[in-house]
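Analysis of the macromolecular model
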Amino acid sequence: MTPHIAKKIDGRAIAQKLRNNLAQSVAKIKAETGKTPTLAVVLVGQDPASEVYVRMKRKQTQEIGMTSIEHKLPADTSQQAVLDLVKTLNDDDDVNGILVQFPVPDHISQQKIIELISPEKDVDGLHPLNAGKLAAGVEALVSCTPMGCVLLAKDQLGDLTGLNAVIIGRSNLVGKPVAQLLLKQNATVTICHSRSKDIAKICANADLLIAAVGRPNMVKADWVKPGACVIDVGINRIAQAGKKDRLVGDVDAAEVSQVAGSLSPVPGGVGPMTIACLLRNTLQAFCAQNNLEMKL
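Summarised in this report is the structure supplied together with it. (Residues numbered from 1 in each chain as written. Predicted model: local features only at pLDDT ≥ 70, side-chain atom pairs only at ≥ 80, totals over all residues. Heavy atoms only, no water.)

1. A look at the pattern of salt bridges
Pairs can form between side chains of opposite charge once their charged atoms are near each other. By the definition in use, this model includes 5 salt bridges. R58 serves as the salt-bridge partner of E70, at 2.5 Å between the closest nitrogen and oxygen. On the criterion of sequence distance, the pair formed by E70 in strand 3 (residues 67–73) and R58 in helix 2 (residues 48–63) is long-range, its members being 12 residues apart. Assessed through its relative accessible area of 27%, R58 is described here as partly exposed. (Salt bridge = Lys/Arg side-chain N within 4 Å of Asp/Glu carboxyl O. Helix = DSSP H or I, 4+ residues; strand = E, 2+ residues; numbered from the N terminus. Buried < 20%, exposed > 50% of the residue type's maximum accessible area, 1.4 Å probe, protein only.)

Structure representation (structure tokens):
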């Protein structure tokens, strides 16, 4: 008898489909208005992972016909200088979206940057005003990774109404916003965290399980309901002697793939969707700023 293997959720293919739709919308907007949606990215320091992300964002922004502006600052740039740059970008009518690549050096307050970015240009969806609007069920720019998780889930499961959705992790970046988005989709939502009792038992009731806790291979096969859709947000680096670090998620893929109905890989699952959703947010911000209806 052939062993069961979960369907691989191809985040790259789903993200490409979204980018294709965005490219069509951008081309139409440019033809009708003569304007080009523009994303400004600020990178402070030379964190290798951040530099890779910024390159990918620039490449994909340009590929769909948007303008990409980059501000690369030395690691010793003062907090005030970064805040002054954000203010300048807030005031620039040609800039529709602002993204400061995190993490920033320790002497700079990430929260101060988040709160200074204009909510209308906050394509990371992290400003407290946008988080509050999401919680209130009001239209807002939504954090990219949570949006990507929900789009992956809908691609696999269709209508999420009434499904039991369990999220492992309660961060402001993923756990809380993805819970709000799933509530909006009429799912029944449970959030597990470090103080939750018997997490494995709670997770085993989930039709949709989203792991976003930052602990490698934490989710085992007996945590997963047979046939469930599992979205793995974790990206953890495992050192290997004499070799390049190995990337693993929060889900033990070898075990869980024998139980789950579908499983997002690491890498190649949520990551590509995060960047595609950033581009979607940039287009949404442009449309709102120009009193245009966003069509995808």
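2. As for the environment of G271
The topology assignment puts G271 in helix 10 (residues 270–289). Spatially, the C-alpha atoms of G271 and R12 are 8.3 Å apart, while their sequence positions differ by 259 residues.

3. Section: the packing of helix 2 against helix 10
Contact geometry for helix 2 and helix 10: axes closest at 10 Å, N-to-C directions at 50°. With respect to helix 10, the axis of helix 2 lies oblique. Judged by the sense of rotation from one axis to the other, the crossing of helix 2 with helix 10 is right-handed. Taking contact as the criterion, the partners of M56, K57, Q60 and T61 in helix 2 are, on helix 10, I275, L278 and L279. Classifying every residue of the contact of helix 2 with helix 10 by side-chain character gives 4 nonpolar, 2 polar and 1 charged. (Axes fitted to C-alpha atoms, helices over the stretch in contact; angles between N-to-C directions. Parallel < 35°, antiparallel > 145°, perpendicular 65-115°, else oblique. Left-handed = near helix turned anticlockwise from the far one by under 90°. Contact = heavy atoms within 4.5 Å. Nonpolar A, V, L, I, M, F, W, Y, C, P; charged D, E, K, R; others polar.)

4. Examining the environment of T161
With respect to the helices and strands, the residue T161 is situated in the loop between helix 6 (144–157) and strand 5 (164–168). Considering only alpha carbons, one finds T161 and A187, 26 residues apart in sequence, at a separation of 5.0 Å. For T161, the residues in contact, after removing those within four places along its chain, are Q185 and N186. Side-chain polar atoms of T161 contact the side chain of D159, separated by 2.7 Å. (Polar contact = N/O pair within 3.5 Å; in protein donor to acceptor, adjacent residues only side chain to side chain.)

5. Here's the deal with the nonpolar core
As a rule of thumb, soluble globular proteins bury nonpolar side chains together. Membership of the largest hydrophobic core comes to 49 residues, with the highest contact counts inside it found for L182, L208, I210 and I231. Mapped onto this core, the elements with two or more residues apiece are helix 1 (11–33), strand 2 (38–44), helix 6, strand 5, helix 7 (175–184), strand 7 (208–211), strand 8 (229–232) and helix 10. When residues in this core are grouped by element, the largest group, 10 residues, is from helix 10. If we ignore the near neighbours within four places in the chain, the residues touching L182 are V150, L160, A165, I167, A187, V189, L208 and I210. Formed by 19 residues, the second largest nonpolar core is a distinct cluster that contains L209, A211, V219 and V230. (Core = buried A, V, L, I, M, F, W, Y, C linked by side-chain atoms within 4.5 Å.)

6. What about the side chain of S143?
Of note, S143 is situated in the loop between helix 5 (128–136) and helix 6. Its relative accessible area of 4% is what places S143 among the buried residues. At 3.3 Å, the side chain of S143 and the backbone oxygen of L173 are in polar contact. Residue contacts for S143: discarding those within four places in its chain leaves D124, G125, L126, L173 and P177.

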